[in-house]
Amino acid sequence: MASRVRIGILGAGTVGGAVHDLIVDGHLARFGVEAEVVKVFTRSPESKPRYRVSPELFTTDAAAVTGHPDVDIVVEVLGAGGPEDLSAQKEWVVDALRNSKSVVTANKALLVAHGEEIWAAARECGREVRFEACVGGGIPIIGPLTQSLSAERPAAVYGLLNGTSNYILTEMSQRGRSYEDALASAQALGYAEADPDADVSGRDAEAKLLLLSSITFGMRLQPGVIHRKGIERLHAIDFLYAERKGRSTIKSVALARNAGGALEAMVTPMMVPERHPIAGIDGVTNALFFKGQVSDGGAPDANDWDYVFAGPGAGGGATAVAVLGDVHALVASSGDTPFLPVESIVPGVDAVRSEDDLRASFYVRFVVRDQSGIVGELCQIFGDKQINVSEIWQLEHGAEELESLVGTGKGGAAPEELLPFVITLEETSVGQLRQALERIVQKDFVLAEPLWLPIWKA
C-alpha cells in the first residue's frame with residue numbers, strides 16, 4: 001500500500017520551484033509514496049509560475065507552513081541570507097519541529113550558524129532534520145558517509161565543493177583566461193551570482209566542510225576556525241607554472257583529515273598533481289574523496305582515497321533530487337531513532353589544529369622589480385625562518401602576460417621592469433611561512449603581495 005506524505009515548502013525560488021515540480025510530477029510514486037504539496041511560503045507568490053495554477057497553495061506567512069495541521073514534512077529551501085534572515089529561518093525550522101514535523105533543508109549556512117539550536121529542538125521533539133542537499137547538492141554524500149560507510153573510521157575527506165570556483169579555475173587553466181574574464185563568463189552562464197563573494201572567497205565551501213567535519217569527525221566548528229583562502233588572487237600565469245614546471249594544476253580544495261589525533265581542516269587553492277583524479281574534474285562538477293581507516297596521520301598522498309563521489313554540485317534540478325531523496329528517507333524510516341549524525345564522535349580526534357600549525361610544502365609566486373641579488377635575499381629570509389627552498393621556477397613571459405601583472409601590486413613599474421617567478425618550499429608551517437613573507441613584502445623590489453598555495457603531497 002502506498003505511503004502518503006504531505007509537504008510544506010519554505011521557499012519557491014530555483015530549488016523550491018524544482019522541488020514543487022518533482023512532487024507534482026509524481027517522482028516519488030515509483031517508490032510507493034504519494035506526495036502532495038499542501039502549502040508554500042514565499043514573499044512574492046504572484047511571481048511564481050505555479051501561483052497561476054494553484055494560488056491557494058501560496059502564503060506570505062511562514063507560520064502557515066510550519067504550523068499547518070496537515071503538513072507532515074517541512075522542506076526548507078530559502079537559501080542563505082544575512083544574519084537576520086538566518087535567524088528568522090532558524091525560528092521557522094524550530095517552529096516546524098515543535099509542531100511535530102520533520103524537516104528537510106538545503107540551507108548549509110543555516111545549519112552552520114544555528115545548528116546547535118536546531119539539533120537541540122529536533123532531539124527535544126523527537127523529530128528528524130535531514131540535509132543531504134547542503135553539502136553535495138545533487139551528489140549523495142551525507143547518506144553514504146553516515147550509513148553505507150558507517151563502519152569505516154575516517155582518515156580524510158576532501159574534494160571540490162563549489163562548482164562556481166571549479167568552473168572559473170577550469171577556464172583559467174584550459175583557456176588561459178584571466179580571473180575577471182572567467183568570473184564574468186560564470187555569471188553570464190548563471191553559475192555565479194551578481195555578488196560572487198560566497199563562492200570565490202571559499203565561504204560556501206567552508207560551510208560545507210564544517211558540516212562534513214561534523215558528521216565525519218564529530219567536530220562542531222564555527223566559520224573562521226579553519227584556514228580559508230579564496231581564488232580571487234590567482235593569475236593565469238600561476239596555471240602556466242603549475243603545468244609546465246610542476247606537472248600539476250590548481251584546484252580549490254576543501255580538506256578535513258585526522259593528523260595524529262588533531263583535525264586539520266582547510267579550504268584553499270592548491271597545486272594538485274595531474275595524475276590525481278581531482279585534477280581532471282572540471283567545470284561545475286563537484287567531487288568528494290573519502291579515505292577510511294586512520295593512517296599515519298600525515299598529508300594524504302596522490303593515491304590516498306578509497307571512495308569517490310562526483311556529479312552536479314548545484315542547480316535547481318539536482319538539488320531538488322537530493323531534497324526528495326531525504327523526503328523519501330523520512331517516509332521510509334520508522335521515526336524511532338531520529339537522524340542526528342552530528343552526535344557521532346570519532347575516537348582519537350579531539351582537537352582542531354590551529355591555522356598557523358598547518359604544515360605543507362608551498363608554491364610562492366613573486367612579482368618583483370627586475371634587479372640582481374633578489375633570489376639570494378629571499379632565500380636568506382626563508383633560511384632565517386628555518387624554511388628550506390626546494391626549487392626556483394622561472395618562465396619566459398610575453399608582453400601581454402607582463403602587462404596583465406602591472407595592476408596586481410605597487411604602481412610605478414612598467415611591464416618590462418617586472419619579473420615574475422616562483423619559489424617552491426619544502427614542508428613548513430603556515431605560521432613560519434607568514435612570518436617570512438611579512439619580512440619579504442617590506443622589500444622595495446617586491447611589487448605585489450606574494451601568492452602562496454599548498455602543494456598536494458605526491
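Look above for the structure.
This section reports on the structure supplied with the text. (Residues numbered from 1 in each chain as written. Predicted model: local features only at pLDDT ≥ 70, side-chain atom pairs only at ≥ 80, totals over all residues. Heavy atoms only, no water.)

Topic: the packing of helix α13 (residues 374–384) against helix α15 (residues 430–440)
For any two helices packed against each other, the geometry comes down to the angle between their axes and how far apart the axes lie. Definition in use: Orientation is described by axes fitted as lines to C-alpha atoms, over the contacting stretch for helices, and by angles from 0 to 180 degrees between their N-to-C directions. Secondary structure elements are defined from DSSP: runs of H or I of at least 4 residues count as helices, runs of E of at least 2 residues count as strands, and each element is numbered from the N terminus. Left-handed describes a crossing whose near helix is turned anticlockwise from the far helix by less than a right angle; the clockwise case is right-handed. Contacts between residues were defined by any pair of non-hydrogen atoms, one from each residue, lying within 4.5 Å. Charged residues are taken to be Asp, Glu, Lys and Arg, nonpolar residues to be Ala, Val, Leu, Ile, Met, Phe, Trp, Tyr, Cys and Pro, and polar residues to be all remaining types, Gly included.
Interaxial distance between α13 and α15 falls to 9 Å at its minimum, and their mutual angle equals 140°. With respect to the hand of their crossing, α13 and α15 are arranged in right-handed fashion. Taken together, the residues of α15 that come into contact with α13 (itself represented by Leu 378, Ile 381, Phe 382 and Asp 384) are Leu 433, Ala 436, Leu 437, Arg 439 and Ile 440. Taken together, the residues of the contact of α13 with α15 break down into seven nonpolar, no polar and two charged.

A look at the side chain of Thr 164
Definition in use: Identification of polar contacts relies on pairs of N or O atoms within 3.5 Å, with a donor-acceptor requirement for protein atoms, meaning one able to donate a hydrogen and the other able to accept it, and with residues adjacent in sequence counted only if both atoms are side-chain atoms.
Among the structural elements, Thr 164 can be located in helix α7 (residues 163–175). Polar contacts involving the side chain of Thr 164 include one to the main-chain carbonyl oxygen of Tyr 191, which spans 2.5 Å. In this view, Thr 164 contacts Tyr 191, Ala 192 and Asp 199; residues no more than four positions away in its chain are not counted.

Here we look at the packing of aromatic side chains
Just so we agree on the cut-off: Stacked, edge-to-face and tilted are the three classes for Phe, Tyr and Trp ring pairs, Trp counted by its six-membered ring, which pair at centre distances within 6.5 Å; planes under 30 degrees apart are stacked, over 60 edge-to-face, the rest tilted. Classification of residues uses two cut-offs on accessible area relative to the type maximum, computed with a 1.4 Å probe and protein chains only: under 20% is buried, over 50% is exposed, and between them is partly exposed. Put simply, a charge is over a ring when the Lys NZ or the Arg CZ is close to the ring centre, within 6 Å, and near the line of the ring normal, within 35 degrees.
Counting across every chain of the model gives 10 aromatic pairs. A centroid spacing of 5.8 Å and a plane angle of 70° characterise the contact between Tyr 51 and Phe 58, whose relative ring orientation is edge-to-face. Classification of Tyr 51 as partly exposed rests on a relative accessible area of 25%. Measuring from centroid to centroid gives 5.4 Å for Phe 366 and Phe 421, while their planes differ by 25°, and the two rings are stacked. Taken together, the positions of Phe 366 in strand β14 (residues 359–369) and Phe 421 in strand β16 (residues 418–429) put the pair 55 residues apart, joining distant regions of the chain. Just as Phe 366 is buried, Phe 421 falls in that class too. The ring of Trp 452 carries the charged tip of Lys 229 above its face, separated from the ring centre by 3.2 Å.

Description of unusual backbone geometry
Phi is mostly negative for residues that are not glycine, and the peptide bonds are mostly trans. Here the phi dihedral of Ser 100 falls at roughly 65°; this positive angle occurs in a residue that is not glycine. Here Ser 100 lies in the loop between α3 (83–98) and β5 (102–105). For Gln 386, which is not glycine, the phi torsion reads 60° and is therefore positive. Along the chain, Gln 386 falls in the loop between α13 and β15 (389–393). Here Gln 386 falls in the exposed class, since its relative accessible area comes to 62%.

Comments concerning the sheet that holds strand β3 (residues 58–59)
Hydrogen bonds along the backbone pair up the strands of a sheet, which may run parallel or antiparallel. Going by this rule: Strands qualify as paired when DSSP identifies two bridges or more between them.
As summarised here, the arrangement of the six strands in space is β3-β2-β1-β4-β5-β6, forming an open sheet in which the pairing is parallel. The open sheet has two free edges, formed respectively by β3 and β6 (129–130), since each of these has just one partner strand. As paired elements, strand β4 (residues 73–76) and β5 share four bridges and run parallel to each other. Its bridge partner lying in β5, Glu 76 is registered against Thr 105. Sheet strands touched by helix α1 (residues 14–24): β1 (3–10), β2 (33–41), β3 and β4. Its angle to β2, the strand with the most contacts, is close to 145°. Seen against the sheet, helix α12 (residues 316–332) touches β1, β2, β4, β5 and β6 and runs at an angle of roughly 160° to β5.

A few points about the pattern of salt bridges
Heads up, the rule is: Basic side-chain nitrogens of Lys or Arg form a salt bridge, by our definition, when they fall within 4 Å of a carboxyl oxygen of Asp or Glu.
Scanning the entire structure with this criterion turns up 25 salt bridges. Between Asp 197 and Arg 203 there is a salt bridge, with its nearest N and O atoms 3.0 Å apart. For Arg 203, a relative accessible area of 38% gives the class partly exposed. The partner of Glu 355 in a salt bridge is Arg 434, and the shortest N-O contact between them spans 3.0 Å. With a gap of 79 residues between them, Glu 355 in the loop between β13 (351–352) and β14 and Arg 434 in helix α15 connect regions that are remote in the sequence. Judged by relative accessible area, Arg 434 falls into the partly exposed class, the value being 29%.

Keep in mind these numbers describe shape, not what the thing actually does.
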